[in-house]
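Results of the structural survey
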Amino acid sequence: MLPMVTRAHSSKTLLGLDWKLSQLRVEIFGIKGLRRFCRGIFGNRHFFTASVDRRASSFQELHGVMLVGVFCGQTNPQLVEDLLRPLVLEVNDLQQRGLMFGDEKVQVRLHALIADSPARAFAKATAYFNAKHGCLKCTCVGEHLESENKIIFDSVHAELRTDAGFRAKVDIDHHKEFRTPLEDVPNFHMIRGVPVGERLHLIEYGGTRKIIVGLLERKFDTFARWSPQQKENVSKFLVHTRLPSEVNRPMRSLKTVRFWKATEYRSFLHYLSPVVMKDFMLSDALNHFLLYYCGVTMFSTSEHQRFWPLAKKFLDTFVKDFGKYYGRTHLTSNIHNLQHVYEDVMEFGQLDNFSAYPFENYLQIIKRYVKSGTRVAVQVTARMLEFEVIESKLLTVLF
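Below is a summary of the structure that appears in this document. What you see is a predicted model, and the numbers here were worked out from it, not measured in a lab. (Residues numbered from 1 in each chain as written. Predicted model: local features only at pLDDT ≥ 70, side-chain atom pairs only at ≥ 80, totals over all residues. Heavy atoms only, no water.)

1. Notes on the overall build of the protein
Assigned secondary structure in the protein consists of 15 helices and 10 strands. Residues classed as buried in the protein amount to 51% of the 399 residues present. Taking the contacts inside the protein whose residues are at least 6 apart along the sequence as the reference set, 64% of them involve residues at least 24 apart. Total accessible area on the protein stands at roughly 19,500 Å², and carbon and sulfur atoms take up 53% of it. (Helix = DSSP H or I, 4+ residues; strand = E, 2+ residues; numbered from the N terminus. Buried < 20%, exposed > 50% of the residue type's maximum accessible area, 1.4 Å probe, protein only. Contact = heavy atoms within 4.5 Å. Areas by Shrake-Rupley, 256 points an atom, 1.4 Å probe, with all protein chains shown as cover.)

2. Remarks on the side chain of Ser 300
Structurally, Ser 300 can be placed in the loop between helix H9 (283-299) and helix H10 (308-320). For Ser 300, a relative accessible area of 15% puts it in the buried group. There is a polar contact of 3.1 Å between the side chain of Ser 300 and the side chain of Arg 199. Reaching out from Ser 300, the side chain makes a polar contact with the backbone oxygen of Val 296 at a distance of 2.6 Å. Contact partners of Ser 300, with chain neighbours within four places excluded, come to Arg 199, His 270, Gln 350 and Leu 351. (Polar contact = N/O pair within 3.5 Å; in protein donor to acceptor, adjacent residues only side chain to side chain.)

3. So, the packing of aromatic side chains
In this description, an aromatic ring pair is defined by two values, namely the gap between the centres and the angle between the planes. Enumeration over the complete set of coordinates arrives at 15 aromatic pairs. Between Phe 318 and Phe 322, the aromatic rings sit 5.5 Å apart at their centres with planes inclined by 70 degrees, giving edge-to-face as the arrangement. The same class applies to Phe 318 as to Phe 322, namely buried. For the ring pair Phe 348 and Phe 354, a centre distance of 5.5 Å and an interplane angle of 45 degrees mean the geometry is tilted. Residue classification places Phe 348 among the buried residues on the basis of a relative accessible area of 11%. (Phe/Tyr/Trp six-rings, centres within 6.5 Å; stacked < 30°, edge-to-face > 60°.)

4. A closer look at the packing of helix H6 (residues 199-216) against helix H8 (residues 262-277)
Two numbers describe how H6 lies on H8: the axes approach to 9 Å, and their chain directions differ by 45 degrees. Taken together, the axes of H6 and H8 are oblique relative to one another. Relative to H8, the crossing made by H6 is left-handed. Together, Arg 199, Leu 200, Ile 203, Glu 204, Tyr 205, Thr 208, Arg 209, Ile 211, Ile 212, Val 213 and Leu 215 of H6 and Ala 262, Tyr 265, Arg 266, Phe 268, Leu 269, His 270 and Met 277 of H8 make up the contact between the two elements. Taken together, the residues of the contact of H6 with H8 sort by class into 12 nonpolar, two polar and four charged. (Axes fitted to C-alpha atoms, helices over the stretch in contact; angles between N-to-C directions. Parallel < 35°, antiparallel > 145°, perpendicular 65-115°, else oblique. Left-handed = near helix turned anticlockwise from the far one by under 90°. Nonpolar A, V, L, I, M, F, W, Y, C, P; charged D, E, K, R; others polar.)

5. Quick look at the environment of Val 65
Mapped onto the secondary structure, Val 65 falls in strand E5 (residues 65-73). What makes Val 65 buried here is its relative accessible area of 7%.

6. Focus: the pattern of salt bridges
Note on pairing: side chains with opposite charge can pair once their charged atoms come close. All told, the structure shown has 19 salt bridges when counted by the stated rule. Ionic pairing is found between Asp 163 and Arg 167, a salt bridge with its closest N-O pair at 3.0 Å. Of this pair, Asp 163 and Arg 167 both sit in helix H5 (residues 163-167), separated by four residues, roughly a single helical turn. On the basis of relative accessibility, which here comes to 18%, the residue Asp 163 falls in the buried class. Among the ionic pairs, Glu 204 bridges to Arg 199, the shortest N-O distance being 3.0 Å. Each member of the pair, Glu 204 together with Arg 199, is buried. What emerges from the salt-bridge pattern is a single network uniting Glu 81, Arg 85, Arg 179, Glu 183 and Asp 184. (Salt bridge = Lys/Arg side-chain N within 4 Å of Asp/Glu carboxyl O.)

The quantities given are spatial measurements derived from coordinates; they are silent on function.
Now the structure itself:
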């Protein structure tokens, strides 16, 4: 790894890339937070990480995610300049001069930024996802519902944003008063380079959980209430259903649905939802739900790539008619952004190619590096440097 300058006593940034004998792109750059973890164990301390998914690296199967930055403080980072400027400076340096591995020069390119909705808005210095001008992909303007005190996005096929328009701040209400350092990264597309169709947050936690929890707690007036016996029967069905061997986490009861992991919502959608939903939805509502099911399923694999334009139509129709079946008050940004999944899969490929799952899993590793609540960033950095030494020795032995 290549250590960067320490900006403060509470933070240190690292950037490193493994060897590759042709060309290497930083395919995925992710920003994730450990806020709840640090609050529960180390008091009111916020911990953010930046990492890359080395999809071009031969070591992906051994260590697919690599930590490149750490921020730790008593509050969330207030200025995107302080958080991202060190990373941008080093990325620009690497893109300009490349990396030498023996006699071969390796090119580096920042290709995408993966984050949840609040982190995307913070990194791009734009209005938050729950603002009227908060959509990162199109110029639709949200509607404020005073009765619910929330913003909904009842719009499909609005004019798409462009990289040039973003940099020129054509939609002034979409931007903060300051610029993001990401604009200084050469050849980084400020719209296509920040996908909103990241499946863990948009689909698993955004769409699927909203529908399941809403049905169970009768948040949607057009659907009948599930009786305790019906919930118990569905729970037994979920628990006793044997999923394919590649699914590591078995399903749990509906009693714990609010505590399901993203993989459980994913398994429910892909393997179980058509069977369950047909007993609780009328034919029109079921067909509407199947638009979501089929669209996400087709976008989940490149084997169905020839059907992706059809999947786009499915999700567009699902979003357009969502208010009819679930109520206009539930047309949140997560539902609205389903219409933009097609643009992201056309740029990056199937949904798992730009998923936050690897970064979420890597957070568990980072948590194990931290043994106390003092000098958290230093602890993580020290463990990373130790692993670097071990990896270097392993490479020496193998090659």
